[in-house]
Amino acid sequence: MLTIHAAPLVLPAGADPVTDGAVAVDGDRITAVGPYEDVADETPGARVRRWPGVLTPGLRQWHALWLLRQCYHPDPREAAELGEQPLWGERLAALGELGETRWAGSVRRGVQRMLRYGTTAVASPGARFRDPLVAMAVARSGLTVVGITNAPGPLLGERPDLDPFAEGHDLLGTVHGPLTIGGRADLAVFDVPDESALRERGAATCVATVLAGRLVYRAR
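A. Structural view of the environment of Ala-166. By the secondary structure assignment, Ala-166 is in the loop between strand E8 (144-146) and helix H7 (171-174). Exposure remark for Ala-166: the relative accessible area of 39% places this residue in the partly exposed category. Separated by 33 residues in the primary sequence, Ala-166 and Arg-199 have C-alpha atoms spaced 8.6 Å apart.

B. Examining empty space enclosed by the protein more closely. Applying the stated criterion across every chain yields a total of 1 cavity of 30 Å³ or more. When its volume is computed, the largest cavity comes out at roughly 30 Å³. Lining the largest cavity we find Arg-60, Gln-61, Trp-62, His-63, Asp-161, Asp-163, Pro-164 and Glu-167. Among the residues making up the lining of the largest cavity, the classes are represented as 2 nonpolar, 2 polar and 4 charged.

C. Quick look at the nonpolar core. One finds Met-114, Val-122, Val-138 and Leu-143 to be the most contacted residues of the largest nonpolar core, which totals 24 residues. Elements represented by at least two residues in this core include exactly helix H2 (64-69), helix H5 (100-115) and helix H6 (132-141). Sort the elements by how many residues they give to this core and H5 lands first, with 6 residues.

D. Inspection of the sheet that holds E8 at higher detail. Strand order in the open sheet formed by 3 strands is E6-E7-E8, with parallel pairing between adjacent strands. Either end of the sheet is taken by a strand with one partner, and the two such strands are strand E6 (59-61) and E8. With direction set aside, neighbouring strand axes in the sheet form an average angle of 35°. As paired strands, E6 and strand E7 (residues 119-123) are joined by 3 bridges and run parallel to one another. Paired with Gln-61 across the two strands is Val-122, which belongs to E7.

E. Representation of H5 within the structure. Taking 1.5 Å per residue, 16 residues should reach 22 Å; H5 reaches 23 Å between its end C-alpha atoms and fits that length. Every buried residue of H5 is listed here: Trp-103, Ala-104, Gly-105, Ser-106, Val-107, Arg-109, Gly-110, Val-111, Arg-113, Met-114 and Leu-115.

F. Broad picture of the environment of Phe-129. Its location among the elements puts Phe-129 in the loop between E7 and H6. Here Phe-129 falls in the buried class, since its relative accessible area comes to 8%. Between the C-alpha atom of Phe-129 and that of Val-145, which follows or precedes it by 16 residues, the distance is 8.3 Å. Apart from residues no more than four positions distant in its own chain, Phe-129 is found in contact with Ala-64, Leu-65, Val-122, Ala-123, Ser-124, Val-134, Ala-135, Val-138 and Val-145.

G. Main features of the pattern of salt bridges. Counted under the stated rule, the structure contains 6 salt bridges. Between Arg-29 and Asp-28 there is a salt bridge, and its shortest N-O distance comes to 3.4 Å. Since its relative accessible area comes to 36%, Arg-29 is described here as partly exposed. Bridged by salt links that share partners, the residues Asp-75, Arg-77 and Arg-109 form one connected network.

H. Representation of unusual backbone geometry. Unusually for a residue other than glycine, Asp-20 sits at a positive phi of about 50°. Here Asp-20 shows up in strand E2 (residues 18-26). With a relative accessible area of 51%, Asp-20 lands in the exposed category. Phi is positive for Ala-212, close to 50°, though the residue is something other than glycine.

The rules behind each value
Residues numbered from 1 in each chain as written. Predicted model: local features only at pLDDT ≥ 70, side-chain atom pairs only at ≥ 80, totals over all residues. Heavy atoms only, no water. Helix = DSSP H or I, 4+ residues; strand = E, 2+ residues; numbered from the N terminus. Buried < 20%, exposed > 50% of the residue type's maximum accessible area, 1.4 Å probe, protein only. 1 Å grid on protein atoms, 1.4 Å probe; cavity = no way out; pocket = protein on both sides within 12 Å on 5 of 7 lines; lining within 4 Å. Points joined across faces, edges and corners; volume = space filled by probe spheres on them. Nonpolar A, V, L, I, M, F, W, Y, C, P; charged D, E, K, R; others polar. Core = buried A, V, L, I, M, F, W, Y, C linked by side-chain atoms within 4.5 Å. Pairing = 2+ DSSP bridges. Axes fitted to C-alpha atoms, helices over the stretch in contact; angles between N-to-C directions. Expected span 1.5 Å × (residues − 1). Contact = heavy atoms within 4.5 Å. Salt bridge = Lys/Arg side-chain N within 4 Å of Asp/Glu carboxyl O.

Put into structure tokens, the structure is as follows:
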């Protein structure tokens with residue numbers, strides 16, 4: 001279905017910001033980027049989704065394997081006992097031996113939580129995951145797997161974070177790629193007024209993630 005995603009500010013990454021902007025999506029591809037009125041004129045009859053804040057390309061997570069296999073993502077039914085945040089290190093070790101079924105559930109939940117942070121691409125050496133649980137969960141999600149070439153360098157902070165902005169890079173250094181006509185429709189929307197606020201408050205402000213044209217996360 002032809003869809004227009006509109007927001008008060010569109011940040012294409014690599015091009016000038018667009019106030020009262022929009023991105024038109026047909027299937028899994030971007031067909032237009034620009035001011036809302038221009039995009040709407042180009043795509044009559046399109047469904048319109050209006051979002052608050054800023055619309056950007058989807059983000060890239062450099063540390064997916066660590067976050068999915070060195071962390072346990074509790075099931076909501078375990079929240080009273082374990083909380084809702086990923087467990088690692090001593091807290092993970094305290095859980096004892098986790099069987100494959102429990103690990104598979106954790107990996108699936110970890111992938112879903114990445115989507116809640118606007119992530120649409122995950123990095124792995126050779127652009128593939130050798131861990132079968134991770135490979136299956138990522139493939140089913142539709143996330144793009146990219147190589148680690150041009151990785152930003154040493155990790156900033158004590159450990160990886162679900163929020164790609166925790167690395168401290170600007171938008172261009174955090175997104176998978178710019179919004180381009182003909183490119184895959186991987187988008188993220190954040191309830192902040194501008195890029196400066198996005199970098200300061202991080203991807204926890206995500207209100208929507210669009211993966212290959214599909215709305216895969218929407219905040220309530």
